[in-house]
Amino acid sequence: MKKNKFCEPEFRLIKKLLLTMRICLFFLLISVASVYASVGYSQNTKLSLNLRNATIQELIKEIENQSEFIFVFYDNALDLTQRINLKVENLPVEKILEKALESTGNTFAVFDRQIVIGKKNQTITGGVVTGVVEVQQKKEITGVVLDKQNQSIPGVSIVIKGTTSGTITDANGKFRLPYTGDAKVLVFSFVGMKSQEVTVAGRNNIHVVLEDQTVGLDEVVAVGYGVQKKESVTAAISTVNTKDLRRSSASNLSTALAGQLPGLTVMQSSGQPGNDAVKFYLRGVSTLNNSSPLILIDGVPRSDLDKLDPNEVASISILKDASATAVFGVRGANGVILVTTRRGDEGKSELNITVNQSYQQFLVHNDRIHSWDFAELRNQAFRNSNPTASESDLPFTQYMIDKYRSGEDRVFYPDRDVYHDYFRDWAPQTRVNANFNGGGKNFTYFLNAGYIGQGGNFKTESKSFLGYDPSYRMDRYNFRGNIDYKIASNLKASLNMATYLQQMNTPQNLDLFNGSVDGMVQNMMAYTWATPPTDPGPVTVAGYGVPVNEIVAQSGQDRNTYGEINRRGYSEEYSTVLNSSLALDWGLDFITKGLSAKGLVAFDSHASTVRQGVRSLNTFAFSVARDANGKSGYSAIRDNQDNSIRLSKSMSTYYFMNYQVSLNYARKFGVHSVTAMFLHQRDNWDKWAADLPYNVIGYVGRLTYGYDDRYLGEINFGYNGSEQFAPNKRFGSFPAFSLGWVASNESFLKDNPLITHLKFRASYGITGNDKLGDNRFLYQSFINMGAGEIPGLGLGQSINQGRMGNESLQWEKAEKKNLGMDLNLFNNLTLTVDLFNEHRDKILISRSTIPVLQGVPISNIPKVNIGVVDNHGYEIELAYNKVINPDLSFNIKGNFNYNKNTVKFADEVKYGEEYAYPYRSTGYSIGQKFGYQIDYSNGNGYVNTAEELAALPTYEVGGKVRLGDFKYVDVTKDGKINDRDLVPMGYPMVPRITYGLSGTLNYKNFDLSFVFSGIAQSSINYNGWGATEFGLVGFFSDWHFQAWTPERYANNEKILYPALGMAPGVSQKSNNFFIMNRSFLRLKNIEIGYSMPKNILNKAGINRVRFYANGNNLFTWDKLPVNTIDPEQDESLVYPLTKMVSLGVNLTF
Amino acid sequence: MKHIIYIFLLFIFFQLNSCTDALDKAPDGNMQLDEVLSDADKTEALVNSLYSNIPRKGYMYFFFDPAVVACCDDGWSSEDGAGQLVDQYYKDNTSASNHPMRDFSDGHGGNNNAYWDRCWKQIRLCSQFLELADKAAMNDEANRGRFKAEAHVMRAFFYMELVKWFGKLPVLDATVPFDADFSKLSRQSVYDVAKLIVADCDAALGESTLPWRIDTDGNGGRATKALACALKSEAMMFAASPLHNEGKNYWEEAYQISKESVQQLKANGYELFTVCTQPNVFGKSPAAAFRQLVDQNADYSGSPRDKETIFQTRSGGLFVWHIGYIGSNMANTYKCGTCPTQELVDAFETIDGKPVLDLTKPYLDEKHLDPNYNKANTLYNPSDPYANRDPRLDQTVLHNGSHILWDNKDVTIQTYTGGAHAPSFDVTNRSFSRTGYYHCKMVTPGACGTNQINNSNWKFYRLGETLLNLAEVAANAGHMEEARAAANEVRARSGMPTLLASLSQEELILRIHNERRVELAWEENRYFDLRRWQKPEGDLSETCKWLTATVITKKADGSFTYTRRNISGNARGGWQNKDLLLPLPLTEASLLESVTGQKWQNQGW
């Protein structure tokens, strides 16, 4: 193999990096402009004053009233009682102060909104007044100011109450406040944050956590079609904020949710660039149909969660109980995930740039097996199945094994490191993000641009060699602008525009895989795994009379992966997504106070183009001499094949539209607070296939009442119509009721220092699920024409009597109950507990108790709403925040979730008396596995001796029992092992237990964060690729070395696997060996960051520079006995999940 | 400002207005049955649907392997390590809930799975058409009778397919609503089913508008009176066979029906294909016509070349030269598929019409390693086993020393150890035979990568088979003369001498059984024949449990020695008593058992 072939892709990557750098530069330029703009607050803020004989103190107060300026000065720096006269019109503050302080002997400096006043001979820099030489007794208070996420806040003003002396915090949120005299109480204030008074009480070191203005009593959470004050929420809702999501360097936002939200199970099932599929389960599964939750991005159902850049997201909430989801009516039963993207903050102007370079590696890979070991294991397998086999029958003769060992002919007796033939150890990922955030009183904006480039782990040949690029890679560009504009004092317009451009490059998948990338990946992984290290290849070498560098098919096949990924062509998929919405919010206080109206139109479009270049290739077979007389060589399997690329292209587009209009009311009458909402909404969307557009309409209502912030009541109501049902069955109502009691607001708990917050919640309601599978209009009977067998009959057409309709078809009905408690102790320990119970009724299922012989195919018999599933469980979330000292603070958050479902009715056929278990699903959890129980009574579960073999019951499970196979329990005691002996074993595939633990630690300029995520009580039947030894011509991993052999048994050695075989036998059945416990705990993410000290940065106009190193999926603790499969995967033949290490820098201007 | 408010109000108005009919989107292109029946073309399309789900058989099983052949004693598939259909079957990986022969499909459109579901669906469609035909619009009133006759024949056809796999069946001659009361339903005897088949076929034979032969290509594959005759003959033969007769003797009845069928077929232009029309392709062997018949599609015309084929599928012939022929890494081949066993080779008589082995007990040992040579045979030489054999051997089997044409070059088959086509006993090797033989019967001579010729569409019924049905039922019913005559007619075509009148009834029956094996090899009859010849308590341990290959060693002087060996050291699956019939799908049997309180499942499952 010529080395230089592999160089080209790397070079391409560098060019890509340069391009993204240029993009960054562009943003940098804009940001510099915006820095000037921010300095300009003082210039742009024009004030008019008319003061006669006023004191300086009154002047300061007046300026503070009219603007956002905050004054900072030392007591003795300024004579506040000095009187001045001043009349100015529309002047910037600098000019005003110049005039006012002309006579006072003071100087000043403006830092954004801070105005520092010093004595004439002082220099004022960076917001800290220096050069003060105090003769008086010097006292000093130091400390740190953090926000709730434990991020330091620079620029917080600290004033000693009752005085005007104070300071502001530096870049790391630290302050040093020298003072004289008495300082009893400090006042901390910062724009956008709640001011806080702190009693000094003799301390000289104080740390303070400031809360957002919206935090606390005013904190709101996203709920269905709106927001609600957190304090008044009575439903089961959990939220994760952007900071916790942005830490993960995973390419997919969905994967970053793992372990973060109590009640949400996130399982990533593939690591394929641009296509890493993630499954969500909200409180497990409660239906036999589609159980995926409804996902809304900014209030609109959207499927682009995978494509969102974590930097665009402000928060993600999950709505779990009926009270939260009833408003979604017919689509709410599986729970709802609400994604809110970021918006501009008033009075802020900030540019964030993040550049991140990662390298990823497959989490699992094949063990390195040497060719001679492979040959011997294969022979061992052969002998186990054919004890009388002669040497010449064996797959590998001793002559061959000696050749493999000696290494004298590496062309035909190689020792291939197959894994490294096909994969590189580390694949790069580059990520760049820039976002602006800011605005004034009337106009706020959030702009985001992101790029992610992911290179695949497959090694591919270079474009210069092939003429095309077959590599696996994905480039995605994200752009978003979220803009809010106050047209008038009571009218606000909000525009969201987001686009995603994604380019995915893979080898061609048209030929053999019908355009399915998944199919190709599955096949490719299989072939890659199952290339034996004894196979010559992947390409022909000179000297054997055939063309050089042609593909050598792997044993027993007519192709190999190398040929498939390199020589067959390429596929380029371009997809563009536009998500847009325009909302108008109109205050109707002129009608009645507290009334407002809102309208929203959303339009999304998706388009994708796939261009495939396909070519055929020549393939050669090899033959390897089995003895000294034989001759090794190549022979053509396919030759003279067309070598030119054939191009084809396919395109698809689809759209989604959503309209919402609503009337909202919120008002407080004394101790009574009332809110109401009425909304009409309509969705209309189109899908990929030639199909009619889809339509859903709904009416939504919400009424909340709170008495004295102690007693809360809420009614939610959804009235939906879906075209999937017959006209008289289309609309359904979904009501939910909930109550809350804020015990901590009762007089007996009011100022309790221990229990700072305590709320009890209860809800009950009905929601629906209209996800009835891919078939639409199930209420109608279908008779269609299709091509017939006989061309001469009926114009060659035939009548397909398809599905019969069911007029009384309905949606699934979920009856949900939830009990919850929110507790906060000492203001820093939070506990949330939710218990839930769900009864899912009217699940639409196929009848399975109708005999086939009546002749209507069962699939055409109308489905009926008769399935019943129960589900119950709980979630616990515990969080703890602590600031130990200004340099050291941490928080830690953990959650634990349990759910268990039971199929109550599935119209299942009951097997006869002779079956140990007459049902396969009724009475069990969804996806219950059945298998043969291994009889461990002899200690190891294997058939160890000829006596044991002779004494076995008759095996009717397929294949002959051999020594070293599993002993199965004859459950029915009929002397036979067959499918009547199957017993339920293991847990369902969807985990019953999910848990997560995350935390952050800040020490001086360093920060550390981590997220662990785990599942338990989940089983999977890994009884194929990656586990067994059979892939194509044999696949061995480490544990097969310790397979049962008579010698190992006799020597009392460890036995990890049944006796090897050439093909699946009685041992490779569904049994409690192969039904594996897939519980795992994974360090999903860990990040260490360092923020540069602010004083270095000021000159460059940079607020913050943070370097960080991040690791994704670095460690996994699992119970699988094999290391070739990752427990998170549902199947073994997928693009493996990856672990990733990255380095990045985050700049804030 | 005002404008915005107006737009806003307008928007709300538009919203509330537009939603009233938003949900009334009916799917396009949907119709109801009345519409179908009122349109003559659609009525014909409804008739066309009666021909759906016809199995394609032959090479259309999993990965183009002739699975039914591979699972009888004629063949052994080199897919035996691939974990798929035959592999599972060979390993007895069969149960009522999952049976490879019944359930396995690779989606190639062969319809070769889910027989229970497919056939019952078609039976209902036939019954439904018979119930609706009188109401249906017709392009030509004469069609009504023909269409009804076709529905009768096709109902018989699908019942026959079910009987072959499953045995006894409930006899439903009318549609049943899916939510009917099934508690009174029961499995009736194969004889009862055969009676329904005969009645359906007789109804069709009585219809003047139903033709005997299809003479235009566009109508190829439609039912004919000839098909009705073939079905009657086969159905009664099954009903009379030991596995199905429930202790009763139906041979005479079967004989009468079979005799009448053959007479009618011959009277209406059906005859054996005896003269090869393309000797340049098929050679000058006495069996060249036999080879041409099975390799080429029957033609649809008033005076067809092939007047023997009674019913063939419309499509399904495919390239097999690279996946079901010589394999052995020959240029552009992929695998060799199913190969003939030594047992099949042993079945071919010598040219003098004498069996090679003693048919009463062909092998002296359980594992077939010790052949019981027919002492009366003086022509057979175990050191030169392929000389002086029935000409059909060379047209069915490639053996050491056979010649084939490959890429315009003559290739001599070398199956001796070290030869280019030597067998491999590594189950993962799909390119080489396990038996020492390769199959050639369905492959047109000369087919290869540079001469890609489809094999024939599957021939369900041909006169040669119906004649052998007659021979078998006549011999069993004691009509020796007619039995011999029917068999001799088939043998004569390939240059084999007549069966002697001196044969006893038992001897004649064995010879006719053997004749079926030789003449109908690779045509999927053997699998069912072996089963129906067993009594219900019998099994296939003598035929299908142990199978042999021939290992040939080339000596220094260029001569060969021939050794028999078992292909596998383990018994092959599929020989037990329960394997005489397929299990009903587990859920179906369980369901019907719980509804009717009777046993529905086949014995042993």
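Residues numbered from 1 in each chain as written. Chains lettered and ligands numbered in written order. Predicted model: local features only at pLDDT ≥ 70, side-chain atom pairs only at ≥ 80, totals over all residues. Heavy atoms only, no water.

Quick look at the pairing of strand β36 (residues 694–707) of chain A now. Residues and elements named next belong to chain A. Of all 14 residues in β36, ten are buried; the element is thus mostly enclosed. Note that strand β35 (residues 672–685) and β36 share 14 bridges and pair antiparallel. If you follow glutamine 681 over to β36, its bridge partner there is glycine 698. Bridge analysis of β36 against strand β37 (residues 711–722) gives twelve bridges, and the strand direction is antiparallel. Counterpart to tyrosine 707 in the pairing with β37 is tyrosine 711. Taking the residues between adjacent antiparallel strands as the criterion, β36 and β37 are bridged by three residues, where aspartate 708 takes a positive phi near 60 degrees. (Buried < 20%, exposed > 50% of the residue type's maximum accessible area, 1.4 Å probe, protein only. Helix = DSSP H or I, 4+ residues; strand = E, 2+ residues; numbered from the N terminus. Pairing = 2+ DSSP bridges.)

Attention shifts here to the sheet that holds strand β12 (residues 185–189) of chain A. Residue and element names in this part refer to chain A. The four strands are arranged β10-β9-β12-β13 in an open sheet whose pairing can be described as antiparallel. Each edge of the open sheet carries a strand with a single partner, namely β10 (166–168) and β13 (196–199). Within this sheet the neighbouring strands show an average axis-to-axis angle of 20 degrees, counted without direction. By the bridge criterion, four bridges tie β12 to β13 in an arrangement that is antiparallel. Paired with phenylalanine 188 across the bridge in β13 is glutamine 196. (Axes fitted to C-alpha atoms, helices over the stretch in contact; angles between N-to-C directions.)

Moving on to the interface of chain B and chain A. Contacts between chain B and chain A engage 88 residues on the former and 91 residues on the latter. Across the chain B to chain A interface the summed buried area is about 7,300 Å²; carbon plus sulfur atoms make up 62%. For the interface between chain B and chain A, the tally reads two salt bridges. Summed over the shared surface of chain B and chain A, the result is 20 residue pairs in polar contact (both at pLDDT 80 or more). If you list the elements that add at least two residues to the side of chain B that touches chain A, you get α1 (2–18), α2 (33–37), α3 (40–48), α7 (115–132), α8 (141–166) and α20 (586–596) of chain B. At eight residues, α1 of chain B tops the list of elements feeding residues into the side of chain B that touches chain A. Within the side of chain B that touches chain A, the residues separate by chemical class into 40 nonpolar, 27 polar and 21 charged. (Contact = heavy atoms within 4.5 Å. Buried area = accessible area lost by both parts, 1.4 Å probe. Salt bridge = Lys/Arg side-chain N within 4 Å of Asp/Glu carboxyl O. Polar contact = N/O pair within 3.5 Å; in protein donor to acceptor, adjacent residues only side chain to side chain. Nonpolar A, V, L, I, M, F, W, Y, C, P; charged D, E, K, R; others polar.)

Ranked by size, the top nonpolar core spans 176 residues in total, and within it Leu231, Tyr461 and Tyr527 of chain B carry the most contacts. Among the elements that make up this core, the one with the highest residue count is α8 of chain B (14 residues). When residues no more than four places from it in sequence are discounted, the contact partners of leucine 231 of chain B are Val153, Ala156, Phe157, Met160, Ile197, Cys201 and Tyr461 of chain B. If you look at the next biggest cluster of nonpolar residues, it comprises 55 residues, including Phe396, Tyr924, Ala1043 and Ile1125 of chain A. (Core = buried A, V, L, I, M, F, W, Y, C linked by side-chain atoms within 4.5 Å.)

On to the pairing of strand β51 (residues 1006–1016) of chain A, then. Residues and elements named next belong to chain A. With nine of eleven residues buried, β51 is to be regarded as a mostly interior element. As paired elements, strand β50 (residues 993–1003) and β51 share eleven bridges and run antiparallel to each other. Each residue of the ladder has a partner; that of tyrosine 995, found in β51, is glycine 1014. Linking two consecutive strands that pair antiparallel, namely β50 and β51, is a turn of two residues; a positive phi of about 50 degrees is found at lysine 1004 within it. Alignment of β51 against strand β54 (residues 1080–1091), held across ten bridges, turns out to be antiparallel. Looking at β54, one finds that serine 1013 is bridged to arginine 1082.

On the surface, a cluster of positive charge is contributed by Lys441, Lys486, Lys492 and Lys598 of chain A. In this structure lysine 492 of chain A comes out as partly exposed when scored by relative accessible area, which is 33%. (Patch = residues over 30% accessible without salt bridge, like charges linked within 9 Å, V, L, I, M, F, W, Y side chains within 5 Å. Areas by Shrake-Rupley, 256 points an atom, 1.4 Å probe, with all protein chains shown as cover. Lys, Arg positive; Asp, Glu negative; His and termini not counted. Charge placed at Lys NZ, Arg CZ, Asp CG, Glu CD.)

What follows is about the packing of helix α9 (residues 190–205) of chain B against helix α10 (residues 225–240) of chain B. Pairs of packed helices are described in terms of their axes, by the angle between the two and the distance that separates them. Residue and element names in this part refer to chain B. Running from N to C, α9 and α10 cross one another at 165 degrees; their axes reach a closest spacing of 9 Å. With respect to each other, α9 and α10 are oriented roughly antiparallel. By crossing handedness, the relation of α9 to α10 is classed as left-handed. Of the residues in α10, those in contact with Val190, Tyr191, Ala194, Ile197, Val198, Cys201, Asp202, Ala204 and Leu205 of α9 are Lys225, Ala228, Cys229, Leu231, Lys232, Ala235, Met236, Phe238 and Ala239. Considering only residue class, the contact of α9 with α10 consists of 15 nonpolar, no polar and three charged. (Parallel < 35°, antiparallel > 145°, perpendicular 65-115°, else oblique. Left-handed = near helix turned anticlockwise from the far one by under 90°.)

Let us now look at the confidence of the model for chain A. Residues and elements named next belong to chain A. On average, residues of chain A score 85 in pLDDT, and 92% of them are at 70 or above. Element-level pLDDT for chain A is lowest in helix α1 (residues 7–39), with a mean of 39, against a maximum mean of 96 in strand β49 (residues 983–985). Here residues 1–39 is modelled with pLDDT under 50, and outside its nearest four sequence neighbours on either side it reaches 42 contacts, counting other chains as well. Confidence over residues 126–136 falls short of pLDDT 50; this stretch has 15 contacts with residues more than four positions distant or in other chains. (pLDDT = per-residue confidence, 0-100.)

Residues and elements named next belong to chain A. Counting across every chain of the model gives 86 salt bridges over all chains. A salt bridge links arginine 761 to aspartate 822; the nearest nitrogen and oxygen atoms lie 3.0 Å apart. Of this pair, arginine 761 sits in strand β39 (residues 755–769) while aspartate 822 sits in strand β42 (residues 812–825); the two residues are 61 residues apart in sequence, bridging distant segments of the chain. In this structure, the salt-bridge partner of arginine 840 is glutamate 812, at a minimum N-O distance of 2.8 Å.

All names here are of chain B. The phi dihedral of aspartate 407 is positive, around 50 degrees, even though this residue is not glycine. A positive phi angle, close to 70 degrees, is found at tryptophan 522, a residue other than glycine. Among the structural elements, tryptophan 522 can be located in the loop between α18 (505–519) and α19 (526–532). For tryptophan 522, a relative accessible area of 3% corresponds to the buried category.

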